[in-house]
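Overview (structure and organization)
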There are 2 protein chains.
Amino acid sequence: MAAVNQVYIAIIGAGGVGKCFLSQLQALAARKPSPKLSLCYISTSRKALYNVDYSPVSLEGVTESLAASTQAPPPLPQVIDYLASAPAKVVLVDNTSSQDVADAYPLALSRGLSIVTPNKKAFSGSYKLWQDIFTASATSGAKVYHESSVGAGLPVISTLKDLVDTGDKVTKIEGVFSGTMSFLFNSFAPTEGQGGKWSEEVKKAKALGYTEPDPRDDLNGLDVARKLTILARLAGLPVESPTSFPVQSLIPKELETCSTGDEFLDKLPAFDQQMEDTKAAAEKAGKVVRFVGSIDVATQQVKVGLEQFDRSHPIASLKGSDNIISFYTERYGSNPLIIQGAGAGGDVTAMGVTGDLIKVLSQIA
Amino acid sequence: MAAVNQVYIAIIGAGGVGKCFLSQLQALAARKPSPKLSLCYISTSRKALYNVDYSPVSLEGVTESLAASTQAPPPLPQVIDYLASAPAKVVLVDNTSSQDVADAYPLALSRGLSIVTPNKKAFSGSYKLWQDIFTASATSGAKVYHESSVGAGLPVISTLKDLVDTGDKVTKIEGVFSGTMSFLFNSFAPTEGQGGKWSEEVKKAKALGYTEPDPRDDLNGLDVARKLTILARLAGLPVESPTSFPVQSLIPKELETCSTGDEFLDKLPAFDQQMEDTKAAAEKAGKVVRFVGSIDVATQQVKVGLEQFDRSHPIASLKGSDNIISFYTERYGSNPLIIQGAGAGGDVTAMGVTGDLIKVLSQIA
């Protein structure tokens, strides 16, 4: 049998994605032949579970044990110290969306900790952080994987990396990168039938749990801009930040200052006509309107906003809250390589994290 | 800098895919920081290039050097002996479609040689060969990757493996797995317009280089059946062979005995009415006919043949010679995870091989 070395797993974050990941990790650890995994640290923003002698934290009932813990999480540099001194290799799983944790990646990587995470902040913040992360990884040999930072468990990052690493030239990336925006426009401007009023569709999406608690956090386009930033950088463009290119916000100027999401939703119907006009303009051209992001690699143009598509276009005929990402490359020619499916949700996001963990284990164990 | 160990590359096959792979390998080897790759063996069915002391074969102009070589390839067990005695780890790249080479995988893997290949034969032959291959790999720790055995460079195998490895339950896999069949049916029964006569479309596809030299090698459905066999096995079904489930052949019984592909093409127009009836039946139901493969995991049913699809279905609206593969799983629910794009061609097939090589290098170097 090929020798497999012990690997320690440290987890920060036990929210929606974190809980799904824990359940997938339990299944992975129980598999025969079992990978030699042991949990040496887990924390939320207020609690932590770990043993100074690195004796394993039991995966069974770990959510309950964590809730019952009286330990507070130490400051991040101290956590990294603890992990870097572990008597085996460590994978740090960051299941938060915290900028603070993201900012600590260069330190963690330079200390030899590999990282897997769905946290977009690390890869879509300043370009300097991006460079620091990958320089630290290249120097120490520690791995950093972040499949779920774009399109959740869909193989978006891995596919783009494969294209680039094997020497293909990516010319354009285009798609629907937000499950919320997908749902909203597939309902508001369907390829067949009429669709509802914009404000009604936003309320429906919120009621179904498809939006952030404050829907403006989806409608401002920043989430899509962050994903575009990540893909553009992987394609070789030194994008400075997710606010360094044109991003169309669907929040009417007048409603930017609403103090709550509920106030925003109450006042939104007064602006339905704007969106109705946008829809009508597309219909006049025989098209439908969709909220898309695109990266033109040659001209280095990245943009996020509304565009019109033929009803038969794959972007127009998307279903539910699916994402779709089209990679146009030199090798693939006029027909792009397309990835499509659910791009949000705890289980599929955790799947991307677990898949990354398996890949890292295959390299360091 | 993380230490990188030397890895030897051995290549069998220098045809269409092989030549594209060599060009991608040259680019990979020239990259900075450069992976420590050295070519220690390359052969076609008639010629070989290698040095008994493992001194590297130059990648520059290797196609010409190979053509000029006067060495014949040694028998496979002898090649495996030579490679297994190399003073570093070895990746064997099989760019043939040879059953003989495929049959040698268990021996090669058991001797510690990792394998990357687009060769379908190894994974779609007898179930015993499949078991022998993966047992040998698990025992020795040598890797075996075969992304391009289904859908060329499209991330089909890796996605299915990720789904399974992270604990998702695949319920159904469905798609168009043949570029030839895709082209034929997208032209013969387009979602808009009339389409040509069946025999004319087959002739056109051959003229464009989209078919095998004898188009019957595409029309018999065996190529699709092989791909389905591979995916079904990865999804956990112990499929005995690509002929152990229903495969619809599009070769009229009367033309099975034609001695040449040209004779077949000459006589095919007499059978156009059969296909015309098939198309008309679908149209009557408001649908179009497509040549698909499907795997129902729960009922363990695998089948290949003609089926009807709504015009708005992603399988119906495919373009050119694209493949499309839909994975229905427990996590992804009613909307499948879809991969779409060119599933044939030297460059994209070689890309899958090069991508696999990079993954193996990251694990063994």
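For clarity, every value in this text was computed on a predicted model and none was experimentally measured. (Residues numbered from 1 in each chain as written. Chains lettered and ligands numbered in written order. Predicted model: local features only at pLDDT ≥ 70, side-chain atom pairs only at ≥ 80, totals over all residues. Heavy atoms only, no water.)

1. Things to note about the overall build of chain A
From N to C terminus, chain A includes 15 helices and 11 strands. Scaling as 2.2 N^0.38, a compact globule of 365 residues should have a C-alpha radius of gyration of about 21 Å, and chain A matches this with 22 Å. On the principal axes, the C-alpha backbone points of chain A span a range of 70 × 50 × 40 Å. Within the span of chain A, comprising 365 residues, buried residues form 55% of the whole. (Helix = DSSP H or I, 4+ residues; strand = E, 2+ residues; numbered from the N terminus. Rg over C-alpha atoms; globule rule 2.2 N^0.38 Å. Buried < 20%, exposed > 50% of the residue type's maximum accessible area, 1.4 Å probe, protein only.)

2. What to know about the domain arrangement of chain A
Residues and elements named next belong to chain A. For chain A, the assigned domains are domain 1 (6-152 + 347-364) and domain 2 (156-343). Computed over C-alpha atoms only, the centres of domain 1 and domain 2 are separated by 30 Å. Facing 16 residues of domain 1, the contacting portion of domain 2 comprises 21 residues. Between domain 1 and domain 2, a total of about 1,600 Å² is buried, with carbon and sulfur atoms accounting for 63% of that surface. Considering only the surface of domain 1 that becomes buried against domain 2, S124, Y127 and V150 emerge as the three largest contributors, covering 36% of it. (Domains from an automatic or database assignment. Contact = heavy atoms within 4.5 Å. Buried area = accessible area lost by both parts, 1.4 Å probe.)

3. Concerning the packing of aromatic side chains
What the rule picks out here adds up to 26 aromatic pairs over all chains. The interplanar angle of 55 degrees and the centroid separation of 6.3 Å between the aromatic rings of Y41 of chain B and Y82 of chain B together place this pair among those described as tilted. Here Y41 of chain B is found in strand β2 (residues 37-43), whereas its partner Y82 of chain B is found in helix α3 (residues 76-84), with 41 residues between them in sequence. Both residues of the pair, Y41 of chain B and Y82 of chain B, count as buried. Between F185 of chain B and W198 of chain B, the ring centres sit 5.1 Å apart and the planes meet at 45 degrees, which makes this aromatic pair tilted. Taken together, the residues F185 of chain B in helix α9 (residues 179-188) and W198 of chain B in helix α10 (residues 198-207) connect sequence positions 13 residues apart. For the pair F185 of chain B and W198 of chain B, a shared accessibility class is recorded, and that class is buried. Site record: aromatic cluster; members linked through ring pairs are Y8, Y41, Y50, Y54 and Y82 of chain A. Sitting over the face of the ring of Y145 of chain A, K161 of chain A holds its NZ or CZ atom 4.8 Å from the ring centroid. Above the plane of the ring of F188 of chain B lies K279 of chain B, whose end atom (NZ or CZ) is 4.2 Å from the centre. (Phe/Tyr/Trp six-rings, centres within 6.5 Å; stacked < 30°, edge-to-face > 60°. Lys NZ or Arg CZ within 6 Å of the ring centre and 35° of its normal.)

4. Quick word on helix α1 (residues 16-30) of chain B
With 15 residues, α1 of chain B extends 22 Å from end C-alpha to end C-alpha; this agrees with the ideal 21 Å at 1.5 Å per step. Among the residues making up α1 of chain B, those that are buried are G18, C20, F21, L22, Q24, L25 and L28 of chain B. On the buried face of α1 of chain B, the contacting elements are α8 (157-165) of chain A together with β1 (7-12), β2, α2 (62-68), β4 (89-94) and α15 (346-364) of chain B. (Expected span 1.5 Å × (residues − 1).)

5. Looking at the sheet that holds β2 of chain B
Residue and element names in this part refer to chain B. The strand order across the open sheet formed by 6 strands is β3-β2-β1-β4-β5-β6, and the pairing between neighbours is mixed. The outermost strands of the open sheet, each flanked by one partner alone, are β3 (48-50) and β6 (144-145). With respect to the sheet, α3 is in contact with β1, β2, β3 and β4, its orientation differing from that of β2 by roughly 165 degrees. (Pairing = 2+ DSSP bridges. Axes fitted to C-alpha atoms, helices over the stretch in contact; angles between N-to-C directions.)

6. Some remarks on the sheet that holds strand β5 (residues 114-116) of chain A
Residues and elements named next belong to chain A. Within the open sheet, the 6 strands sit side by side as β3-β2-β1-β4-β5-β6. Their pairing is mixed. The sheet terminates laterally at β3 (48-50) and β6 (144-145), the two strands that pair on one side only. Two elements, strand β1 (residues 7-12) and strand β4 (residues 89-94), share 6 bridges in a ladder whose sense is parallel. By the bridge assignment for β4, I12 is matched with D94. Taken strand by strand, helix α15 (residues 346-364) contacts β1, β2 (37-43), β4, β5 and β6, and its axis lies near 160 degrees from that of β5.

7. Here's the deal with the interface of chain A and chain B
Each side of the interface is counted separately: chain A has 40 residues, and chain B has 40 residues. Summed over both partners, the interface of chain A with chain B buries about 3,200 Å², with 55% contributed by carbon and sulfur atoms. It is R331, Y332 and M351 of chain A that lose the most area in chain A upon contact with chain B, and together they represent 18% of the buried surface on that side. Counting across the interface, chain A meets chain B through 2 salt bridges. (Salt bridge = Lys/Arg side-chain N within 4 Å of Asp/Glu carboxyl O.)

8. Quick word on helix α1 (residues 16-29) of chain A
Its 14 residues place the ends of α1 of chain A 20 Å apart at the C-alpha level, agreeing with the 20 Å of an ideal helix rising 1.5 Å per residue. Of the surrounding elements, those touching the buried residues of α1 of chain A are β1, β2, α2 (62-68), β4 and α15 of chain A together with α8 (157-165) of chain B.

9. Side note on the relation of the copies chain A and chain B
In the superposition of chain A on chain B (RMSD 0.0 Å, axial shift 0.0 Å), the rotation amounts to 180 degrees. Look at the turn and shift together and you get a two-fold axis relating the two. A shared binding surface is used by both copies, with 100% of the interface residues of chain A retained as interface residues in chain B. (Least-squares fit on C-alpha atoms with pLDDT ≥ 70 in both.)

10. Looking at the UniProt feature "binding site: L-homoserine" (unreviewed entry) in chain A
Residue and element names in this part refer to chain A. According to UniProt, the feature "binding site: L-homoserine" (unreviewed entry) maps to E212 in the numbering used here. Residue classification places E212 among the partly exposed positions, given a relative accessible area of 41%. If sequence neighbours within four positions are ignored, E212 has contacts with D217 and D218. (UniProt positions renumbered as here; feature names shortened; annotations may be inferred.)

11. Side note on the pairing of strand β8 (residues 287-296) of chain A
All names here are of chain A. Of all 10 residues in β8, 8 are buried; the element is thus mostly enclosed. Note: β8 against strand β9 (residues 301-310), 10 bridges, orientation antiparallel. By the bridge assignment, G293 is partnered in β9 with V304.

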